[in-house]
Amino acid sequence: QVQLVESGGGLVQPGGSLRLSCAASGSIFSISILGWYRQAPGKERELVAVITRGGRPNYADSVKGRFTISRDNAKNTVYLQMDGLKSEDTAVYYCNARGIGPVYWGQGTQVTVSS
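The present account deals with the structure reproduced in this document. (Residues numbered from 1 in each chain as written. Predicted model: local features only at pLDDT ≥ 70, side-chain atom pairs only at ≥ 80, totals over all residues. Heavy atoms only, no water.)

## Topic: the side chain of Arg-66
Defined as follows: Only DSSP runs of H or I reaching four residues or more are called helices, and only runs of E reaching two or more are called strands; each is numbered from the N terminus. Buried residues are those whose accessible area, probed at 1.4 Å on protein chains only, stays under 20% of the maximum for their type, while exposed residues exceed 50% and partly exposed ones sit between those limits. Polar contact criterion, stated in full: a pair of N or O atoms within 3.5 Å, where within protein one must be able to donate a hydrogen and the other to accept it, and residues adjacent in sequence count only if both atoms are side-chain atoms. We call two residues contacting when some pair of their heavy atoms lies within 4.5 Å.
Summarising the element assignment, Arg-66 is placed in the loop between β6 (57-59) and β7 (67-72). Judged by relative accessible area, which is 13%, Arg-66 ranks as buried. Among the polar contacts made by the side chain of Arg-66, one reaches the main-chain carbonyl oxygen of Ser-62 at a distance of 2.9 Å. Excluding its chain neighbours within four sequence positions, the residues that come into contact with Arg-66 are Gln-81, Met-82, Asp-83, Gly-84, Leu-85, Lys-86 and Asp-89.

## Describing the pairing of β7
So the rule is basically this: Criterion used throughout: strands pair if DSSP finds at least two bridges between them.
Of the two faces of β7, only one is covered, namely that formed by Phe-67, Ile-69 and Arg-71; the face formed by Thr-68, Ser-70 and Asp-72 stays uncovered. Direction of pairing for β7 relative to strand β8 (residues 77-82): antiparallel, over a ladder of 6 bridges. Following the sheet pairing, Ile-69 is matched in β8 by Leu-80. Counting the residues that bridge the hairpin from β7 to β8 gives 4 residues, and of these Asn-76 lies at a positive phi of roughly 55°.

## Considerations on the pattern of salt bridges
A side chain of one charge can pair with a side chain of the opposite charge if their charged atoms are brought near each other. To keep things clear, this is the line we draw: One side-chain nitrogen of Lys or Arg within 4 Å of one carboxyl oxygen of Asp or Glu is enough to make a salt bridge.
One pass over the structure, following the stated rule, counts 4 salt bridges. Arg-38 is the partner of Glu-46 in a salt bridge, and the nearest nitrogen-oxygen pair spans 2.8 Å. One salt bridge connects Lys-64 with Asp-61, and the closest N-O pair in it is separated by 3.2 Å. A relative accessible area of 66% places Asp-61 in the exposed class. Overlapping salt bridges, with partners in common, bring together Arg-38, Glu-46, Arg-66 and Asp-89 in one network.

Here it is, written out as C-alpha cells:
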C-alpha cells in the first residue's frame, strides 16, 4: 500500500501562483511515476503533469509553460508549481502514483482561481 498526502491548495487571484506538494509513504519502492490530475465540477478527471523516477516530465497542453512538476526522491515527494493561474485551472487536484501494482490516489486538494 502507498499513502499520498497532498497540501498547498487554496484560493488565488488570476495570474497568481500556488505550489502543491504530495508526500508518498508506504510501499514506495513499487512506484515509478508520480503525477497530478485534476477534476473540475461537471468534468472528467484529467492529466495535469507526470514525472518519472528519473525526472522526465510530461505536461498537458493546457498547462505547458505555466506549471512545473518536480520530485525529490529522497523525500518521496512530488511538487507542482503553478504560475500564471487562470480561472479554468479551478479544480480539485489529485496526486497520483503508479508503477508495479495498483494505481494510488491522494484525497485531493482544492485550487480556486478567482478575483
